[in-house]
Amino acid sequence: MEKNIVLLPGDGIGPEIIDAATEVLSVIGTKFGHTFTFDSQAIGGSAIDLYDTPLPDQTVSACKQADAILLGAVGGPKWDNNPSHLRPERGLLGIRKALDLYANLRPVKGFKKLLSASPLKEEVIKGSDLLIVRELTGGLYFGTPSERRDNGNAVVDTLSYSRYEMERIIDKGFQSAQLRSKKLTSVDKANVLESSKLWREIVEEKKATYPDVEVEHLLVDAAAMKLITNPSQFDVIVTENMFGDILSDEASVLTGSLGMLPSASLAENGVGLYEPAHGSAPDIAGLGIANPIATLLSAALMLRYSFSFEEEAALIEEAIEACIDKGYYTADLQVQSGKKINTEEMTEAIIAYIEQK
Ligand code: IPM
Ligand code: MN
């Protein structure tokens, strides 16, 4: 099959990890008889430098025509003092909104060999395997434009959601739970926020549609605490945009490093965008030592969700697991033993496994 993949390498380590992904995807293409074409487009800080905007129109139109999109990362100190419409992050938020990528799926699965790399005790993380379903196009991120008042001494950010926006992500949470162990944790702050009260009402209403799913409500502060004291109690967590952003970074430590956490951002009907959950790591950009695994796992999610190439996706995941089992690790992982390797060596090791399969 032929697939047109738009690449958005972005900033910092973005280009390095996207290179790793295209190498692996090309090998998968050869092995399974697919032709992947790659079309690289600008986003984030590098787009600001070239075109004076974090999200050029051309990038949006290329993405709309793509079969899938693979993004590296955006942001860096170079643009930190830019006015807000010229911040790299605007590019990412803009493409999420332009493509209505409302559902962000972040699977968090610990690798056995990396249990010791987690800051948590092994017995606490053992058996953790969860999925965060984060709303991605509403809430505080997209309220009416934030404002400074009182000569800059007061600020307003607004959190707004429509019932429709909540319903579709809550449905996604229930449906994701049905495909896993049928346990859904809905996270909100219903003891304080009006938006969370409506959220909780909708979750209660939806229970009848998904009678096979067991639902619990957790306040976000308690959820944050339980995520590190008893992570294996969770299966699917569904929550709004900002809470999901925070909880997914927290959950990533279960895997030993944020460098291992992939994500898929999906629309109702339309192109999907896949990206590592980590940022652009400007401190190590260009050094060739970034961990490519979150991006490779994101590429696997792309094969699975956008193209229904299950076998191909599973082979990438198996190759990654095999390399971790061999003791290979990158600099971001605090492991006690094994062989520390760089981005290229990790990519080559994963490719070697795929090729001999
Ligand atoms: C993420 C990132 C983004 C977010 C930033 C870069 C805007 O942290 O994808 O989790 O907050 O959504
Ligand atoms: Mn984040």
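Residues numbered from 1 in each chain as written. Chains lettered and ligands numbered in written order. Predicted model: local features only at pLDDT ≥ 70, side-chain atom pairs only at ≥ 80, totals over all residues. Heavy atoms only, no water.

## Quick word on the pattern of salt bridges
Heads up, the condition is: Salt bridges are defined as contacts in which a side-chain nitrogen from Lys or Arg sits within 4 Å of a carboxyl oxygen from Asp or Glu. Per the convention used, a helix needs a DSSP run of H or I reaching at least four residues, while a strand needs a run of E reaching at least two, with both numbered from the N terminus. Note on exposure labels: buried denotes an accessible area under 20% of the residue type's maximum, exposed denotes more than 50%, and partly exposed covers the range between, all computed with a 1.4 Å probe on protein chains only.
Enumeration according to the criterion identifies 21 salt bridges in this entry. Between Lys-206 and Asp-171 there is a salt bridge; the shortest N-O distance is 3.1 Å. Taken together, the positions of Lys-206 in helix H7 (residues 194-206) and Asp-171 in helix H6 (residues 163-178) put the pair 35 residues apart, joining distant regions of the chain. For the pair Lys-206 and Asp-171, one class covers both residues: buried. Measuring nitrogen to oxygen at the nearest pair gives 3.1 Å for the salt bridge that ties Glu-204 to Lys-207. What emerges from the salt-bridge pattern is a single network uniting Asp-80, Arg-87 and Glu-89.

## Description of the site of ligand 1
Our working rule: Summary of the distance rule: residues count as near a molecule or strand when at least one heavy atom falls within 4 Å of that molecule or strand. Whenever two N or O atoms come within 3.5 Å, that pair is a polar contact, provided that in protein one can donate a hydrogen and the other can accept it, and provided that, for residues adjacent in sequence, both atoms are side-chain atoms. Here the nonpolar group is Ala, Val, Leu, Ile, Met, Phe, Trp, Tyr, Cys and Pro; Asp, Glu, Lys and Arg are the charged ones; every other residue, Gly included, is treated as polar. Note that the domain bounds were set by an automatic or database domain assignment.
Taken together, the residues surrounding ligand 1 are Glu-89, Leu-92, Arg-96, Arg-106, Arg-134, Tyr-141 and Asp-245. For ligand 1, an oxygen atom lies 2.7 Å from a polar atom in the side chain of Arg-96. The dominant element in the shell around ligand 1, judged by the number of residues it contributes, is helix H4 (residues 88-98), at three residues. The residue inventory of the shell around ligand 1, partitioned by class, reads two nonpolar, no polar and five charged. Formed jointly, the shell around ligand 1 draws a minimum of three residues from each of two domains, domain 1 (1-101 + 269-357) and domain 2 (119-254).

## Regarding the domain arrangement of the protein
Selection criterion: Every residue pair with non-hydrogen atoms within 4.5 Å of one another is taken to be in contact. Note: buried area is the sum, over both parts, of the accessible area (probe 1.4 Å) each one loses when the two are combined.
Taken as a whole, the protein is organised into domain 1 (1-101 + 269-357) and domain 2 (119-254). Each of domain 1 and domain 2 was reduced to a C-alpha centroid, and the two centroids are 25 Å apart. Contacts between the two partners involve six residues from domain 1, matched on the other side by eight residues from domain 2. For the pairing of domain 1 and domain 2, the buried interface totals around 660 Å² over both sides, and the portion due to carbon and sulfur atoms is 55%. By the criterion of area lost to domain 2, the three top residues of domain 1 are Leu-93, Arg-96 and Lys-97, representing 63% of everything that side buries. The interface formed by domain 1 and domain 2 contains one salt bridge. Asp-100 is the partner of Arg-168 in a salt bridge, and the nearest nitrogen-oxygen pair spans 2.9 Å. Counting the contacts that link domain 1 with domain 2 gives two residue pairs in polar contact (both at pLDDT 80 or more).

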